[in-house]
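Architecture and fold: a report
Each chain is listed here by its residues.
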Amino acid sequence: MNKKKDFSLLNCIATGLLAIFLTVPFHEFLHFLTFYVYGDKVSIFSAGAVDQVGLIDPESLSTFGKIMYHGGSASIINAIIGIVLFVILIKAKKMKPMMRVFLTQLMGAQMVQGIGYFMLGGFFGVGDWGNVFAALEPGLATALQIILAIIGGAGVVGIFFALNYMSYYFIEDKDNRTERRNVAFKLHMTVLIFGVIIGLICSAISPMNATGELNLGIGLLFNMMWIPFFWAFMFTWVMVKPPKKSRFLYKLPEKLNVPLLIIAIILTLVDICWFGPGIKLHDKVSASDDHNGSSYEIKNNKEYSVGDLIRIKDMDWYVLEDSNKDSTAVRLISKYNLNPNINNDTRVDDVFLKSGYEMLFDENNSNKYDNSSIKNFLENVAKNVLENIFGIKIEGIGIWDYKDLEKLGCKVDWNSSVVDAGISDMVCDMSDYYTSLINSGVNSWVNAPRVSDTRYVWGILEDGIADYILANFLKFGVRPVITVDKSVF
């Protein structure tokens with residue numbers, strides 16, 4: 001008698017594709033829902049990322065709200081779903097084999113997208129959790145990152161063992177290495193292989209590529225989250241001893257489930273061909289937009305106070321000057337230093353950096369800002385590039401000066417009695433309210449010449465202490481000060 005054909009591999013591929021679809025696009029859908037819950041809308045929905053319109057001020061949210069809004073909600077819910085499915089699979093012994101296979105793969109996928117994201121955020125500070133860290137105060141962000149690294153690192157190892165545990169419900173002879181390999185490959189490696197392939201394709205065609213927020217390198221890093229399925233395969237096959245007592249309850253379904261396979265293929269094509277390139281739902285808020293006919297209202301009469309933290313396309317800026325309801329513009333200073341090699345092809349993540357971006361105040365060693373290399377660079381290069389990258393209209397650009405620092409609590413001795421007027425001493429008190437604004441962790445130039453010596457310019461060190469240095473010495477960077485219309489926010 002001819003042996004029946006075994007289509008269990010195809011069935012596992014079908015259930016794996018369903019598990020991937022109900023995890024990754026679902027993860028992005030959770031971001032979609034979160035934005036609407038907090039009063040925002042979605043600009044673009046895609047298989048790998050969701051971009052919000054920007055209708056609300058995230059700084060008005062509670063700490064919990066900031067964590068959820070900036071990206072934490074999706075992976076937290078994924079992790080909870082994965083844990084719930086694990087409990088269900090442990091408790092429920094009676095279910096159809098195909099359903100058992102699907103729920104096992106879905107459990108692993110949800111855990112990977114949740115707990116795996118904790119690990120990526122904790123160790124590398126990227127993706128959703130990178131956005132969360134940037135939105136929180138530095139101390140809180142560091143503490144949260146450490147917690148996520150611990151939970152994520154331990155949790156990912158837990159996923160290895162959880163998937164390995166589930167393998168043995170389908171292994172009849174637990175001591176048969178060949179059977180362990182075959183079952184584990186079909187159950188786990190199918191999810192890994194197709195998860196990575198679909199993820200890389202969607203990364204390559206993502207609309208976020210155009211803005212530099214996503215590329216194949218970042219996509220590859222994110223898709224490393226599927227690695228627990230590989231280790232589950234290895235654990236089951238050779239690395240971990242089988243359980244002493246058999247758990248065998250089901251055989252992998254060998255009869256081809258054609259409807260299931262067709263549905264899985266259709267949903268995968270929807271994921272790649274429709275969600276992959278992204279679906280535009282609303283225009284992003286921009287100072288150059290005409291909002292008169294929009295379905296939402298842009299409020300230009302908001303008040304801003306010195307020290308308020310504002311985000312423009314995930315980049316942090318501090319309000320440098322109070323702006324009341326009657327004012328349509330606000331003056332901002334970047335939290336970090338500007339890339340001196342910035343151009344229209346620069347990725348958003350590379351525009352500013354906490355350390356490492358330094359430039360000369362003036363290549364001719366002049367301490368006068370109006371004649372400096374920095375002024376020329378900001379007005380003739382950086383302004384246009386920043387407008388293109390962030391989609392905003394900049395009304396004015398420069399660097400902060402000693403008058404700004406005086407308002408922030410620094411004690412400045414301006415000496416105008418000499419020919420080369422300038423500052424003889426500057427002391428910044430780190431105990432005042434504006435500490436985080438002054439002390440942002442970078443060395444930055446100030447429009448403040450040193451008195452009686454045309455070669456020296458004042459700057460603020462990374463610890464917030466004022467110091468002066470030669471204008472043509474590479475020690476300080478530039479924190480641009482821009483004036484923009486409030487409709488940007």
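Residues numbered from 1 in each chain as written. Predicted model: local features only at pLDDT ≥ 70, side-chain atom pairs only at ≥ 80, totals over all residues. Heavy atoms only, no water.

Moving on, we come to the sheet that holds strand E12 (residues 444-449). Spatial ordering of the open sheet is given by E12-E13-E14, a layout of three strands whose pairing is antiparallel. Two strands close off the open sheet at either side, each with one partner strand: E12 and strand E14 (466-470). Each neighbouring strand pair of the sheet contributes to a mean axis angle of 40 degrees, computed without reference to strand direction. (Pairing = 2+ DSSP bridges. Helix = DSSP H or I, 4+ residues; strand = E, 2+ residues; numbered from the N terminus. Axes fitted to C-alpha atoms, helices over the stretch in contact; angles between N-to-C directions.)

Moving on, we come to the packing of aromatic side chains. All chains considered together, the criterion is met by 26 aromatic pairs. Ring geometry for Phe35 versus Tyr69: centroids 5.3 Å apart, planes at 75 degrees, classification edge-to-face. With a gap of 34 residues between them, Phe35 in helix H2 (residues 24-37) and Tyr69 in helix H3 (residues 63-91) connect regions that are remote in the sequence. The buried category is assigned to Phe35, whose relative accessible area is 5%. Between Trp445 and Phe476, the aromatic rings sit 4.9 Å apart at their centres with planes inclined by 55 degrees, giving tilted as the arrangement. On the criterion of sequence distance, the pair formed by Trp445 in strand E12 and Phe476 in the loop between E14 and strand E15 (481-485) is long-range, its members being 31 residues apart. (Phe/Tyr/Trp six-rings, centres within 6.5 Å; stacked < 30°, edge-to-face > 60°. Buried < 20%, exposed > 50% of the residue type's maximum accessible area, 1.4 Å probe, protein only.)

Counting through the fold element by element, Ala232 comes out in helix H9 (residues 227-239). Separated by 65 residues in sequence, Ala232 and Ser167 have C-alpha atoms that sit 8.5 Å apart. Leaving out residues up to four positions away in the same chain, Ala232 has contacts with Phe160, Leu163, Asn164 and His188. (Contact = heavy atoms within 4.5 Å.)

Now for the nonpolar core. Core analysis: the biggest nonpolar cluster contains 78 residues, and Met107, Trp129, Leu144, Phe170 and Trp226 have the highest contact counts within it. Broken down by element, the residue count for this core peaks at 13 residues, all from helix H4 (residues 97-124). Look past the residues within four positions of Trp226 in its chain and what remains in contact with it is Ile20, Val24, Ala109, Val112, Val191, Leu192, Gly195 and Val196. Residues Met315, Met359, Leu461 and Val478 belong to the second largest nonpolar core, which totals 37 residues. (Core = buried A, V, L, I, M, F, W, Y, C linked by side-chain atoms within 4.5 Å.)

Counting buried positions over the six residues of E12 gives five, a clear majority of the element. As judged from the three bridges shared by E12 and strand E13 (residues 456-460), these two strands associate in the antiparallel manner. When the bridges of E13 are listed, Ser444 appears paired with Ile460. Counted between consecutive antiparallel strands, the loop separating E12 from E13 contains six residues, among which Ser452 sits at a positive phi close to 65 degrees.

Let us look at the pattern of salt bridges. Applying the stated criterion to the full structure yields eight salt bridges. With its nearest N and O atoms 4.0 Å apart, the salt bridge here joins Asp316 to Lys335. Placement of Asp316 in strand E5 (residues 315-319) and of Lys335 in the loop between strand E6 (329-334) and strand E7 (337-338) is noted, with a sequence separation of 19 residues between them. Note on Asp316: relative accessible area 9%, which makes it buried. Ionic pairing is found between Glu379 and Lys375, a salt bridge with its closest N-O pair at 3.2 Å. Here Glu379 and its partner Lys375 are both found in helix H11 (residues 373-390), four residues apart, which amounts to about one turn of the helix. Glu379 sits in the partly exposed class, given a relative accessible area of 35%. One salt-bridge network, held together by shared partners, links Glu321, Arg331 and Asp404. (Salt bridge = Lys/Arg side-chain N within 4 Å of Asp/Glu carboxyl O.)

Mean pLDDT over the chain works out to 85, with 89% of the residues at or above the 70 mark. Contacts of residues 286-300 to residues separated by more than four positions or lying in other chains number 29 contacts, the stretch itself having pLDDT below 50. (pLDDT = per-residue confidence, 0-100.)

So, on to the pairing of E5. Of all the five residues making up E5, five are buried; the element is thus mostly covered by neighbouring parts of the structure. The alternating pattern of E5 places Met315, Trp317 and Val319 on one face and Asp316 and Tyr318 on the opposite face, and all of these are buried. When strand E4 (residues 309-312) meets E5, the two strands line up antiparallel, connected through four bridges. Residue pairing in the sheet places Arg311 in a bridge with Asp316 of E5. Linkage of E4 to E5, two consecutive antiparallel strands, is achieved through a turn of two residues, within which Lys313 is found at a positive phi near 50 degrees.

Relative placement of two packed helices is described by the angle separating their axes and the distance separating the axes. At a minimum axis distance of 8 Å, the contact between H4 and helix H5 (residues 127-135) shows a crossing angle of 50 degrees. What the angle tells us is that H4 and H5 run oblique. As H4 packs across H5, the resulting crossing turns out to be right-handed. Facing Tyr117, Phe118 and Gly121 of H4, the residues of H5 in contact are Gly127, Asp128, Trp129 and Phe133. Residue composition of the contact of H4 with H5, grouped by class: four nonpolar, two polar and one charged. (Parallel < 35°, antiparallel > 145°, perpendicular 65-115°, else oblique. Left-handed = near helix turned anticlockwise from the far one by under 90°. Nonpolar A, V, L, I, M, F, W, Y, C, P; charged D, E, K, R; others polar.)

A few words now on a nonpolar patch on the surface. A cluster of nonpolar side chains, namely Leu9, Phe185, Ile193, Ile197, Ile201 and Ile205, defines an oily patch on the protein surface of about 440 Å² accessible area. Within the fold, Phe185 resides in helix H7 (residues 177-204). Owing to a relative accessible area of 33%, Phe185 belongs among the partly exposed residues under this scheme. (Patch = residues over 30% accessible without salt bridge, like charges linked within 9 Å, V, L, I, M, F, W, Y side chains within 5 Å. Areas by Shrake-Rupley, 256 points an atom, 1.4 Å probe, with all protein chains shown as cover.)

Taken in spatial order, the three strands line up as E2-E1-E3 in an open sheet, and their pairing is antiparallel. At either margin of the open sheet sits one strand with a lone partner, and together these are strand E2 (50-52) and strand E3 (279-280). The pairing of strand E1 (residues 42-45) with E2 spans three bridges and is antiparallel. Counterpart to Ile44 in the pairing with E2 is Asp51. Packed onto the sheet, H2 meets E1 and E2 and runs at close to 175 degrees relative to E1.

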